[in-house]
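Listed below, chain by chain, are the residues.
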Amino acid sequence: MSEDKITGTLAFTVFTAVLGSFQFGYDIGVINAPQEVIVSHYQHILGVAVDDRRATSNYAVNSTDTPLPVTPAYATPAYATPAYATPAYATPAYATPAYATPAYTTPAPLTDKEAAGSAHLITVLWSLSVSSFAVGGMVASFFGGWLGNKLGRIKAMLAANSLSLTGALLMGCSKLGPSHILIIAGRSISGFYCGLISGLVPMYIGEIAPTTLRGALGTLHQLAIVTGILISQIASLNFILGNQDRWHILLGMSAVPALLQSLLLLFCPESPRYLYITLEEEVKAKKCLKRLRGAEDITKDINEMKKEKEEASAEQKVSVIQLFTDSSYRQPIIVALMLHVAQQFSGINGIFYYSTSIFQTAGISQPVYATIGVGAINLIFTAVSVLLVEKAGRRSLFLAGMIGMFFCAIFMSLGLVLLDKFSWMSYVSMTAIFLFVSFFEIGPGPIPWFMVAEFFSQGPRPTALALAAFSNWFCNFVVALSFQYIADFCGPYVFFLFAGILLVFTLFTFFKVPETKGKSFEEIASEFRKKRGAAKPPKAAVQMEFLGASENA
């Protein structure tokens, strides 16, 4: 069957789409490693005195808004947030950058109050440099579906790339002007771009993918994100771009995939479903479908879209409020949101908060390379998820990932609690880190993004995807702001807390989340009715046929 084939055009189109996801991942990870040199540059631009350096260095260790040594995820936006701890491998003091040319006179020694005030200013500016990305993503996540419907999927991604290029240009030029202003503005605009992409890319891939491949192809969004994160970590090494001479180039490098994607999008077909159902342009839809499916007969695809169009025409525009008030949408949207909340509250950011210190305790002299190794594990197991998702099923992989993370969190806690008594416990914790990340990328990392698209048809899908993306960004932001306080309060016992959260979400998944592998929306809606114990399908339940999915897929 044509649904079983990956044609050259389909592969090219999916590759082009996930270049946006790659940019997402790159923007998530790129800000972490060069923190020292950027903050040092902020000091010189603002004329912060030498007496201040120790104070500004201390903030890097204690601030709640400093970045993680590594950012994997997710997600979602999962890691696009101000994070929590300066890598232990970072130099403790900021050396005077070689590029600092302003002729500063030697300032008089500052009082403790003046020094603390200057240090606080640098802290605030760095926090804004990191967190502005998440704020931009939260705001933009609501507009991805709207932009996709307004301009079409291809033009929407092209329009979004203009934001990516603008953000990259501002950050790339930040060394030449008021760096703190240019970086904060650039990060905000890049976050806005990533918020749009977090909805547009899964929606586009879900609409062009054959039924039997939509899970595997949907997982490529997450694979591209973790690839972008890994590349940013490698590029951030001191001897490559993460140094005083080239850090601005590092920040501006996201322009490269943006330009490449903009060029390749000109050769990609528009979503046949968008053309057929939304624009009612059957001829163009058939032409695009033939390009995607190759020489195979597309009659079946057309019939499925025709059926979905008839059902979609009976639907009125679905608002956010209707998703919660209409009985046929309520349970799917609650489950969709809970999957994203589970992803963000799983403790993955906490794992990376502790990773560097654990690697050092285990005797690793260069923990920066160990954290890159964790990024590589991210990549490998996301690829494993791509291979397994159509065989094992979405629900099964999500459950397996959550259960594995639950046990890893317990061993992580035991390792941290007993570390003072048994030095070999650092190896237990280190093993738990790698296994935790592996389980996360097998299920909870990639699956929530495309399962939301599988829960809803053409009518409510854009609104549902936008709401899910917003919840992911929002939860990520909440975790970023609160984790340091929780970690300070709980100490090494913090992962027992995450183990409890993981157990709750595991039970929720077991009882409330249906399997969607190879099922039409009608079958998925039937599963939801079983979960809530409805005897008869509500009238609205047959409104939506998911993405033309076949019964015998």
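As the structure is a prediction and not an experimental result, all values here were calculated from the model.

1. Let's talk about the environment of Lys517
- Relative to the elements of secondary structure, Lys517 occurs in the loop between α22 (494-512) and α23 (521-532).
- Those residues in contact with Lys517, other than ones at most four positions away along the chain, are Val389, Glu390, Lys391, Gly393 and Arg394.
- Reaching out from Lys517, the side chain makes a polar contact with the backbone oxygen of Lys391 at a distance of 3.2 Å.

2. A few points about a nonpolar patch on the surface
- On the surface, a nonpolar cluster with roughly 670 Å² of combined accessible area is contributed by Val135, Val139, Phe142, Phe143, Trp146, Val320, Phe324 and Ile334.
- The set of elements that each furnish at least two residues to the nonpolar patch consists of α4 (112-141) and α14 (320-325).
- Note that Val139 resides in helix α4.

3. Let's talk about unusual backbone geometry
- A positive phi angle is found at Glu280, which is not glycine, with a value near 60 degrees.
- The residue Glu280 is located in the loop between α11 (272-278) and α12 (282-293) in this model.

4. Observations regarding the environment of Gly136
- Here Gly136 lies in helix α4.
- In this structure Gly136 comes out as buried when scored by relative accessible area, which is 9%.
- Considering only alpha carbons, one finds Gly136 and Phe192, 56 residues apart in sequence, at a separation of 4.3 Å.
- Ignoring anything within four residues of it in the chain, the contact list for Gly136 reads Ser188, Gly191 and Phe192.

5. A few points about the packing of aromatic side chains
- By the definition in use, this model includes 9 aromatic pairs.
- Between Phe24 and Trp473, the aromatic rings sit 5.6 Å apart at their centres with planes inclined by 10 degrees, giving stacked as the arrangement. Taken together, the positions of Phe24 in helix α1 (residues 8-29) and Trp473 in helix α21 (residues 461-490) put the pair 449 residues apart, joining distant regions of the chain.
- Between Phe406 and Phe407, the aromatic rings sit 5.1 Å apart at their centres with planes inclined by 70 degrees, giving edge-to-face as the arrangement.
- Of the residues examined, Phe406 reaches a relative accessible area of 18% and is grouped as buried.

6. Concerning the packing of helix α7 (residues 179-208) against α21
- Running from N to C, α7 and α21 cross one another at 135 degrees; their axes reach a closest spacing of 10 Å. By the angle between their directions, the pair α7 and α21 is classed as oblique. Where α7 crosses over α21, the handedness of that crossing is right-handed. Contact with α7, carried on its side by Gly191, Cys194, Gly195, Ser198, Gly199, Met203 and Glu207, involves Arg461, Pro462, Leu465, Ala469 and Trp473 of α21 and no other residues of that element.
- The class makeup of the residues in the contact of α7 with α21 is 6 nonpolar, 4 polar and 2 charged.

Conventions we followed
Residues numbered from 1 in each chain as written. Predicted model: local features only at pLDDT ≥ 70, side-chain atom pairs only at ≥ 80, totals over all residues. Heavy atoms only, no water. Helix = DSSP H or I, 4+ residues; strand = E, 2+ residues; numbered from the N terminus. Contact = heavy atoms within 4.5 Å. Polar contact = N/O pair within 3.5 Å; in protein donor to acceptor, adjacent residues only side chain to side chain. Patch = residues over 30% accessible without salt bridge, like charges linked within 9 Å, V, L, I, M, F, W, Y side chains within 5 Å. Areas by Shrake-Rupley, 256 points an atom, 1.4 Å probe, with all protein chains shown as cover. Salt bridge = Lys/Arg side-chain N within 4 Å of Asp/Glu carboxyl O. Buried < 20%, exposed > 50% of the residue type's maximum accessible area, 1.4 Å probe, protein only. Phe/Tyr/Trp six-rings, centres within 6.5 Å; stacked < 30°, edge-to-face > 60°. Axes fitted to C-alpha atoms, helices over the stretch in contact; angles between N-to-C directions. Parallel < 35°, antiparallel > 145°, perpendicular 65-115°, else oblique. Left-handed = near helix turned anticlockwise from the far one by under 90°. Nonpolar A, V, L, I, M, F, W, Y, C, P; charged D, E, K, R; others polar.

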